[in-house]
Protein chains: 2
Amino acid sequence: MKQPGSSTSERMLETAGRLFADRAFDSVSTREIAAAAEVNLSAISYHFHNKEGLYRAVFEKIVRDLKPVRVSLALILENQLAAASDDRNAYAETVTLFVSRLVDSAISPVTRWRMRLIKREIEMPTDCFQIIMEGHINVIHDLLGILISKISGESPTTENVRLEAMSILAICLQYALNEEMVKARMGWSDIGPGEIEGIKIAMAEMVLRSLNLGDYIDRVRIE
Amino acid sequence: MKQPGSSTSERMLETAGRLFADRAFDSVSTREIAAAAEVNLSAISYHFHNKEGLYRAVFEKIVRDLKPVRVSLALILENQLAAASDDRNAYAETVTLFVSRLVDSAISPVTRWRMRLIKREIEMPTDCFQIIMEGHINVIHDLLGILISKISGESPTTENVRLEAMSILAICLQYALNEEMVKARMGWSDIGPGEIEGIKIAMAEMVLRSLNLGDYIDRVRIE
DNA sequence: AGACCAAGTTCAAACGATTGACCCAGTAAA
DNA sequence: TTTACTGGGTCAATCGTTTGAACTTGGTCT
């Protein structure tokens, strides 16, 4: 049934996004999108010119939708920089919070299909790769790079810092993106709130140790 | 031109595998596969019954092809267990070797397209998910779990050990699987031998620190 | 040795179904 | 009148699969 508050194009973007997240571009037909969005087939060419145009519009909307995630992560850093400047215990808290927020942002039901779509674009890039890279990924990577450079003392442009940032992101986001494998390996039937809590703690500890902040693990709580 | 030594079905499996690794199942047409493998279109239904049958056969072959990887990683562990049993310096060496071999196994030109195909099946599972899970992934995850449990003292069946094993694999394999993003973030035009060397060192150090073996980093060389 | 045959394999051609795109007349609200 | 659609239809292109004939091969019979 149609969502009453949403316009036709918004409904199309949402529905098409979910379908594209589940299956590949070519596997989703325009007729299926139109039917699922309860929209006429012609609406695609009317609003987005093309199937490709619709696909691109989905990504542009994703970048807009994920702005709260970018802002939220930026604020964590900002607060840290404003507070105790070189306290390693404070760094540990910042890292813990950052990791917790990252896991949440990937695994939350609101953002999950968007993250899967982004992941697909990273693995099999199309024209939309640049959109998502410039609009979202670079921002988050840079933020994490700044945090790491503060802790390690290296410049954020260092090759090492960039590699570590990518690695931390990889382990924080893997649970949302490799859902079926995680469930198979962990023997979980679903990744619910309880499992997410466990993931957060394990990841925060692992990241802290990898940043030489392992001594501060017990002093930090995940709220 | 046709490879002289390879049979029709072997050529089809190799060619189809590469095509499926590049693009989604539905995006690769049977005609394209046949043309690329220099094989008649009907050869697909003759040898594999179906397009799906060909896809499945590709995965069964991948599991067979990757046996050397599994054996190689198992040998590293076996040698460790045979040698000094509780020497943390030896553990650090084992971990370093294990990580180095993991990175190699993912990024080597021989295995790269196979890894990408596996990754796709993990993200968007089909009937072949089980094949690759039981035939390859479970083996490697279990091996890494054993190594971690030796080092940490926890049981290999612990939730924590399994989560750490998944994370270590995620960061070791990300470079091969997110090639375009890595190049974009690192400013590399290609991931060559020099870059791989840097990745190996950074990853080994990171994994060592995350396993509380950070003190042994400088004593370990990557050969 | 030469004729023969059946199984295994490859071939060109065609099948029905589905695809994305396009078109245009009609409608309802602003 | 303009904007935002709906509904129905057509189009060429491409899809996975099937068909039946042709070719290749190895063994058997005369």
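Details of the structure are given in the entry above.
Now for a look at the structure at hand. (Residues numbered from 1 in each chain as written. Chains lettered and ligands numbered in written order. Predicted model: local features only at pLDDT ≥ 70, side-chain atom pairs only at ≥ 80, totals over all residues. Heavy atoms only, no water.)

Residue and element names in this part refer to chain A. Interaxial distance between helix α8 (residues 128-152) and helix α9 (residues 159-177) falls to 9 Å at its minimum, and their mutual angle equals 120°. Note on packing geometry: the crossing formed by α8 with α9 is right-handed. On the side of α8, the interface is formed by Ile 140, His 141, Asp 142, Leu 144, Gly 145, Ile 148, Ser 149 and Ser 152, while α9 contributes Val 161, Arg 162, Glu 164, Ala 165, Met 166, Ile 168 and Leu 169. (Axes fitted to C-alpha atoms, helices over the stretch in contact; angles between N-to-C directions. Helix = DSSP H or I, 4+ residues; strand = E, 2+ residues; numbered from the N terminus. Left-handed = near helix turned anticlockwise from the far one by under 90°. Contact = heavy atoms within 4.5 Å.)

Moving on to helix α5 (residues 67-82) of chain B. All names here are of chain B. Taking 1.5 Å per residue, 16 residues should reach 22 Å; α5 reaches 22 Å between its end C-alpha atoms and fits that length. Turning to α5, its buried residues are Val 69, Arg 70, Ser 72, Leu 73, Ile 76, Leu 77 and Gln 80. Packed against the buried residues of α5 are α4 (51-65), α6 (88-107) and α8 (129-152). (Expected span 1.5 Å × (residues − 1). Buried < 20%, exposed > 50% of the residue type's maximum accessible area, 1.4 Å probe, protein only.)

Quick look at the protein's contact with DNA strand C now. As a matter of local geometry, DNA strand C sits amid 13 residues, with Arg 31, Asn 50 and Lys 51 of chain A together with Thr 8 and Ser 42 of chain B nearest to it. Restricting attention to atoms of DNA strand C within 4 Å of the protein, one finds that 50% of them are sugar or phosphate atoms. In this structure, His 47 of chain B approaches DNA strand C through a side-chain N or O atom, which is 3.0 Å from a phosphate oxygen. Listed by contribution, the elements that provide at least two residues to the surface near DNA strand C are α2 (30-36) of chain A together with α3 (42-48) of chain B. The leading source of residues in the surface near DNA strand C is α3 of chain B, at three residues. For the surface near DNA strand C, the class distribution of residues is two nonpolar, eight polar and three charged. (Near = heavy atom within 4 Å. Polar contact = N/O pair within 3.5 Å; in protein donor to acceptor, adjacent residues only side chain to side chain. Nonpolar A, V, L, I, M, F, W, Y, C, P; charged D, E, K, R; others polar.)

Further remarks concern unusual backbone geometry. All names here are of chain A. Phi at Glu 38 takes a positive value of approximately 55°, unusual for a residue other than glycine. Structurally, Glu 38 is set in the loop between α2 and α3 (42-48). Given a relative accessible area of 35%, Glu 38 falls into the partly exposed group. Look at Asn 212: it is not a glycine, yet its phi comes out positive at around 60°. For Asn 212, the position within the fold is in the segment after α11 (193-210). With a relative accessible area of 52%, Asn 212 lands in the exposed category.

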